[in-house]
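Listed below are the residues making up each chain.
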Amino acid sequence: MRVGVFGGTFDPIHVGHLVAAERAREQLRLDKVMFMPAGRPWLKAGTHVTEARHRARMVDLAIRGNRCFEASPMELEREGPTYTVDTLEEVAGRIKAELYLVVGGDAVSDLDRWRRPRRILQLATVAVVARPGTAGRMPPSLEGVGRCAAVECPPIGVSATDVRRRVRSGRTVRYMVPDAVNEYIVANGLYADD
Ligand code: ATP
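These numbers were taken from a predicted model, which means no experiment stands behind them. (Residues numbered from 1 in each chain as written. Predicted model: local features only at pLDDT ≥ 70, side-chain atom pairs only at ≥ 80, totals over all residues. Heavy atoms only, no water.)

Draft legend 1. The side chain of Arg55, seen in detail. Mapped onto the elements, Arg55 comes out in helix α2 (residues 52-63). The side chain of Arg55 sits in the buried core without any salt bridge; Asp11 is the nearest counter-charge, 5.0 Å away. If we ignore the near neighbours within four places in the chain, the residues touching Arg55 are Thr9, Phe10, Asp11, Pro37, Ala38, Gly39, Val49 and Thr50. (Helix = DSSP H or I, 4+ residues; strand = E, 2+ residues; numbered from the N terminus. Buried < 20%, exposed > 50% of the residue type's maximum accessible area, 1.4 Å probe, protein only. Lys, Arg positive; Asp, Glu negative; His and termini not counted. Salt bridge = Lys/Arg side-chain N within 4 Å of Asp/Glu carboxyl O. Contact = heavy atoms within 4.5 Å.)

Draft legend 2. The arrangement of helix α7 (residues 160-168) in detail. By the burial criterion, the buried members of α7 are Ala160, Val163 and Val167. Buried residues of α7, viewed axially, fall in a sector of 60 degrees; they line one side. Contacts from the buried residues of α7 go to α8 (179-187). Immediately beyond the C-terminal end of α7, within one or two residues, lies Gly170, with a positive phi of roughly 75 degrees. (Arc of directions from axis to C-beta.)

Draft legend 3. Looking closely at the pattern of salt bridges. Under the counting rule described, the total for this entry stands at 10 salt bridges. Here Arg53 ties to Glu51 by a salt bridge, and the two come within 2.6 Å at their closest N and O atoms. We classify Glu51 as partly exposed; its relative accessible area is 45%. Among the salt bridges present, the one from Asp86 reaches Arg115, with a minimum N-O distance of 3.6 Å. Linking Asp86 in helix α4 (residues 84-94) with Arg115 in the loop between α5 (105-108) and α6 (117-123), this pair joins segments that are 29 residues apart in sequence.

Draft legend 4. The arrangement of α4 in detail. Listed in full, the buried residues belonging to α4 are Val85, Thr87, Leu88 and Val91. Axial view of α4: buried residues confined to an arc of 155 degrees, hence all on one face. Away from its buried face, by an angle of more than 90 degrees, α4 presents the exposed residues Gly93 and Arg94. In this fold, the buried residues of α4 make contact with β1 (2-8), β2 (32-37), α3 (74-77), β4 (98-104) and α6.

Draft legend 5. Seen up close, the sheet that holds β1. As summarised here, the arrangement of the 6 strands in space is β3-β2-β1-β4-β5-β6, forming an open sheet in which the pairing is parallel. The open sheet has two edge strands, β3 (69-71) and β6 (148-151), and neither has a second partner. Averaged over all pairs of adjacent strands, the angle between their axes in this sheet comes to 30 degrees, without regard to strand direction. Note: β4 against strand β5 (residues 125-129), 5 bridges, orientation parallel. Counterpart to Val103 in the pairing with β5 is Val128. (Pairing = 2+ DSSP bridges. Axes fitted to C-alpha atoms, helices over the stretch in contact; angles between N-to-C directions.)

Draft legend 6. Main features of the site of the ligand. In the vicinity of the ligand lie 21 residues, with Asp106, Arg131, Ile156, Ala160 and Thr161 positioned nearest. At 2.9 Å, a side-chain N or O of Arg131 approaches an oxygen atom of the ligand. At a separation of 2.8 Å, an oxygen atom of the ligand approaches a polar backbone atom of Ala160. A total of 600 Å² of accessible area belongs to the ligand in isolation, and the protein chains cover 89% of it. The pocket occupied by the ligand, as judged from atoms lying within 2 Å of grid points, is the largest pocket. Breaking the shell around the ligand down by element, the ones donating at least two residues are β1, α1 (15-27), β4, α5 and α7. (Near = heavy atom within 4 Å. Polar contact = N/O pair within 3.5 Å; in protein donor to acceptor, adjacent residues only side chain to side chain. Areas by Shrake-Rupley, 256 points an atom, 1.4 Å probe, with all protein chains shown as cover. 1 Å grid on protein atoms, 1.4 Å probe; cavity = no way out; pocket = protein on both sides within 12 Å on 5 of 7 lines; lining within 4 Å. Sits in = over half its atoms within 2 Å of the grid points.)

Draft legend 7. Spatial organisation of the pairing of β6. Side chains of β6 alternate between two faces, with Ala149 and Val151 buried and Cys148 and Ala150 left unburied. Relative to β6, β5 runs parallel, the two being bridged by 4 bridges. In the strand pairing of β6, Val128 is matched with Ala150.

Below you can see the structure in the form of structure tokens.
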């Protein structure tokens, strides 16, 4: 079995995430992609992050209907800051599968700042999805370490920051997020006064 692990803050999940995950699934022939909303993303320490239950619910709503997509509460249930290496250890301990860590081009160039990057590269192949405005390359200190796969993806210039800003200023985010996510944002008054 080939499994993709797709971590993120997902504040909120948007079409950039969904297209990236679907292309990774197709090109790497993944049996499933596990979406893992981060409990307390350590790289975003000090910045405001929406309550986990809202972010997780939006992930559920967004992936509903795709049999190969699954949401996992693993990172939400773990105490303390969220580290990808702990997540991969946990997944590897629970299921027998070839693991692929799906990351955008911005995230991969930061990999040397993550906790135990070399262990991450032992546990999973890093699947890099091109993202507009990012080089999408491994940091020099990790070049040649572990396995890396490039995922071709049409450039989608949508970010969660952009979605939050637009909502706050009363502009539309329709089609930048799935309809159900858009409705959830409105119904719960998310991002209105960030
Ligand atoms: P923010 O704007 O709040 O920093 P974000 O849009 O980057 O958020 P995250 O939840 O931080 O979203 O991203 C999770 C993962 O998805 C990261 O690996 C990131 O690189 C990737 N990703 C996010 N948006 C895109 C996109 N438009 N295209 C490709 N990859 C993306």
